[in-house]
Amino acid sequence: MEFEKLLEQVKNMTHQAVIEDIKFANFRAFSDYQLYAVNTAIYPNQGNTEGLLYTVLGLNGESGEVAEYVKKALRDDDGKVSDERREKLFYELGDILWYVANTCEELEIDIEDVARANLLKLYDRKEREVLQGEGDTR
Ligand SMILES: [Mg+2]
């Protein structure tokens, strides 16, 4: 699988090389997704705090749907995720992505910047060996 080969390459890169790649990587696909997702957005009070509340509630709701399917796999199928549930999770993850994109839009944030900043934060923690633990500022 191509992904596995690429992941192995990333694992073999130095920390600094990964950081440089992340800083200069083309994450335009995230911005493109945001653009197309926003174009499908129909909800009240877009562009103010109530619009933001709508997207955040939706994000929470869709995350709950994901949790529910995994819970049912634990309850009903000994923790095995069936093909049927995997397909449902596939679409629910898309719903989460849509709400993340529209929450970014409500906050006037480019989702590409969110993706980049998140990776830089995590690789900084990895380098300092504090990936595990608690606290947003560790
Ligand atoms: Mg859904």
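Residues numbered from 1 in each chain as written. Predicted model: local features only at pLDDT ≥ 70, side-chain atom pairs only at ≥ 80, totals over all residues.

## Focus: the overall build of the protein
The secondary structure content of the protein amounts to 6 helices and 0 strands. In the protein, the succession of helices and strands from N to C terminus is α-α-α-α-α-α. Computed over its C-alpha atoms, the radius of gyration of the protein comes to 18 Å, more than 25% above the 14 Å expected for a compact globule of 138 residues. Considered along the principal axes of its C-alpha atoms, the protein spans approximately 45 × 45 × 35 Å. Looking at the protein residue by residue over its 138 residues, the buried ones come to 9%. In the protein, 70% of the contacts between residues at least 6 apart in sequence involve partners at least 24 apart. (Helix = DSSP H or I, 4+ residues; strand = E, 2+ residues; numbered from the N terminus. Rg over C-alpha atoms; globule rule 2.2 N^0.38 Å. Buried ≥ 20, exposed ≤ 12 C-beta atoms within 10 Å, placed from the backbone. Contact = placed C-beta atoms within 7 Å.)

## Some words on the environment of Tyr43
Mapped onto the fold, Tyr43 is located in the loop between helix H3 (28–38) and helix H4 (49–76). What makes Tyr43 exposed here is the crowd of 12 C-beta atoms within 10 Å. Put simply, Tyr43 and Ala117 are 74 residues apart on the chain and 28 Å apart in space, counted from C-alpha to C-alpha. Among residues more than four places away in sequence, those in contact with Tyr43 are Gly51 and Tyr54.

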